[in-house]
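# A structural walkthrough
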Amino acid sequence: MRLLIDAYWWVKGPPSGRAVVRGLVAGWREAHPDDRLILATRASDVATVRRQAPAGVLVVGVRAPQHALAVLVEYRLIAKRLNPDATIGQNFTPLTRTQRAAFIQDVLFVSNPEWFTRAERAYFSLILRSARRADKVLTSSRTEAARMAAAGVGSSNTPFAVGLGLSPALLEAVPVRPPFVNPQLGEFLLTVGRLNVRKNLGNVIEGVRPAISPERPLIVVGARDGAEGERSQAIDHLIDERSVIFSGTVSDPELSWLYRNCRLFLCLSLDEGYGLPPVEARTLGSRVLVSERPVFRETLGAAATYVDPLDVPAIRDTVAGILLECRRPTTAFVPPAWSDVAIAFRSALTSDLTEPRDDAP
């Protein structure tokens, strides 16, 4: 099989986008070594991608200044020249004459538009319009596939859930203590993710407030992104006294250290399409508390503790109970491998493989 893969974000772009394309390519080479992979990336990044991609992968450059333009316009020209059997875009559907597939992280902007800014909703609407031209729509979880099907996203085909693997760079990183963590610090709690209203950070902080102090702070890792929730004076006070520490983004070695050393990891998001941080945390040995949401039941099962993310008293009681228990999980947790994800991708693409399209613009 000859496959053109959207690698626009291989070097620069959303962390989740980089992780997906890098992991998928590595897993594909492992699972399907005889397939021919073609990566389309920014022209300025071609040399870097060629150094970092597996041997035998063809890398071609695009000059569009925006990801959507590259996928919707330039990938069609590349496909016409190199004739792949299928083309996979991230978020947007390549308008090629061969098999068109789009991997879409989630459509929470359809089910819960109030969690997103007007600019975000405008951008996401392009994803929906583009998805109507897809032969196959793929996503990370069965929960999200069901949400997409209910929202009528994409073509008449049911969206395929293909899973997600974890970042090899994170799993292989040698842990390094971040400089903002005092070496004398005894314990800390941790939450990771882009900081916006959907991450429910206000309730997280209120829920852990009785359990945190400057000696056992809550460390918040992530960049501010999208619509933000309101912050109270009480939360500002916790920040001022360093009972809550906002670190911004961190490196993979620093994130590995935080996961491996935190007393408790919390992800009390209002909802997710997949939710990688708690899976990462549990894989690296953290105790994990997550929202009572179907997607976390799917991805973590019995490996996590669950609580209503809107019930602050319940969060307080659950956190207090966990902190009285043993520090680390007693059983291992094995996440999906990228090779398994690649097998699911290929199965979806080859299921009733379509003939070349005649309606491409």
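Heads up: these notes are all about the structure in this document. All values reported here derive from a predicted model rather than from experimental measurement.

In this section: the pairing of strand β4 (residues 86-90). In terms of burial, β4 is a largely internal element, 5 of the 5 residues being buried. Taking every second residue as pointing to the same face, both faces of β4 are buried, with Ala86, Ile88 and Gln90 on one and Thr87 and Gly89 on the other. Pairing analysis gives 5 bridges linking β4 to strand β5 (residues 99-103), with the strands arranged parallel. Across the sheet, Gln90 pairs through a bridge with Phe103, a residue of β5.

On the secondary structure map, Glu280 appears in helix α11 (residues 276-283). Look at Glu280: it is buried, it has no salt bridge, and the nearest opposite charge is Arg18 at 11 Å. Once you skip the residues sitting within four places of it in the chain, Glu280 turns out to touch Leu166, Leu170, Leu255 and Tyr259.

With respect to the helices, strands and loops of the structure, Pro277 is situated in helix α11. A relative accessible area of 19% places Pro277 in the buried class. As for Pro277 and Leu266, which are separated by 11 residues in sequence, their C-alpha atoms are 9.2 Å apart. Once residues lying within four places of it in the same chain are set aside, the contact partners of Pro277 are Val192, Tyr259 and Phe265.

Another aspect to go through is the packing of helix α8 (residues 201-208) against helix α13 (residues 312-323). Two elements in contact, α8 and α13, have axes separated by 8 Å at closest approach and are oriented at 50°. Judged by the inter-axis angle, α8 sits oblique to α13. Where α8 crosses over α13, the two elements pack in a sense that is right-handed. Residues Asn203, Glu206, Gly207 and Val208 of α8 touch α13, and the partners they reach there are Val312, Ile315, Arg316 and Val319. Along the lines of polarity and charge, the residues of the contact of α8 with α13 split into 4 nonpolar, 2 polar and 2 charged.

A separate point is the sheet that holds strand β9 (residues 218-221). Consider a sheet: its strands pair through backbone hydrogen bonds, and that pairing is either parallel or antiparallel. The sheet built from 6 strands is open, its strands ordered β10-β9-β8-β11-β12-β13 with parallel pairing. The sheet terminates laterally at β10 (244-248) and β13 (305-307), the two strands that pair on one side only. Strand-to-strand twist of the sheet, defined as the mean angle between neighbouring strand axes without regard to direction, takes the value 25°. For β9 and β10, the ladder comprises 4 bridges, and the chain directions are parallel. Bridging from a neighbouring strand, Val220 pairs with Phe246 of β10. Sitting on the sheet, α13 touches β8 (189-192), β11 (264-267), β12 (288-291) and β13, and the angle it makes with β13 is about 160°.

Definitions and cut-offs
- Residues numbered from 1 in each chain as written.
- Predicted model: local features only at pLDDT ≥ 70, side-chain atom pairs only at ≥ 80, totals over all residues.
- Heavy atoms only, no water.
- Buried < 20%, exposed > 50% of the residue type's maximum accessible area, 1.4 Å probe, protein only.
- Helix = DSSP H or I, 4+ residues; strand = E, 2+ residues; numbered from the N terminus.
- Pairing = 2+ DSSP bridges.
- Lys, Arg positive; Asp, Glu negative; His and termini not counted.
- Salt bridge = Lys/Arg side-chain N within 4 Å of Asp/Glu carboxyl O.
- Contact = heavy atoms within 4.5 Å.
- Axes fitted to C-alpha atoms, helices over the stretch in contact; angles between N-to-C directions.
- Parallel < 35°, antiparallel > 145°, perpendicular 65-115°, else oblique.
- Left-handed = near helix turned anticlockwise from the far one by under 90°.
- Nonpolar A, V, L, I, M, F, W, Y, C, P; charged D, E, K, R; others polar.

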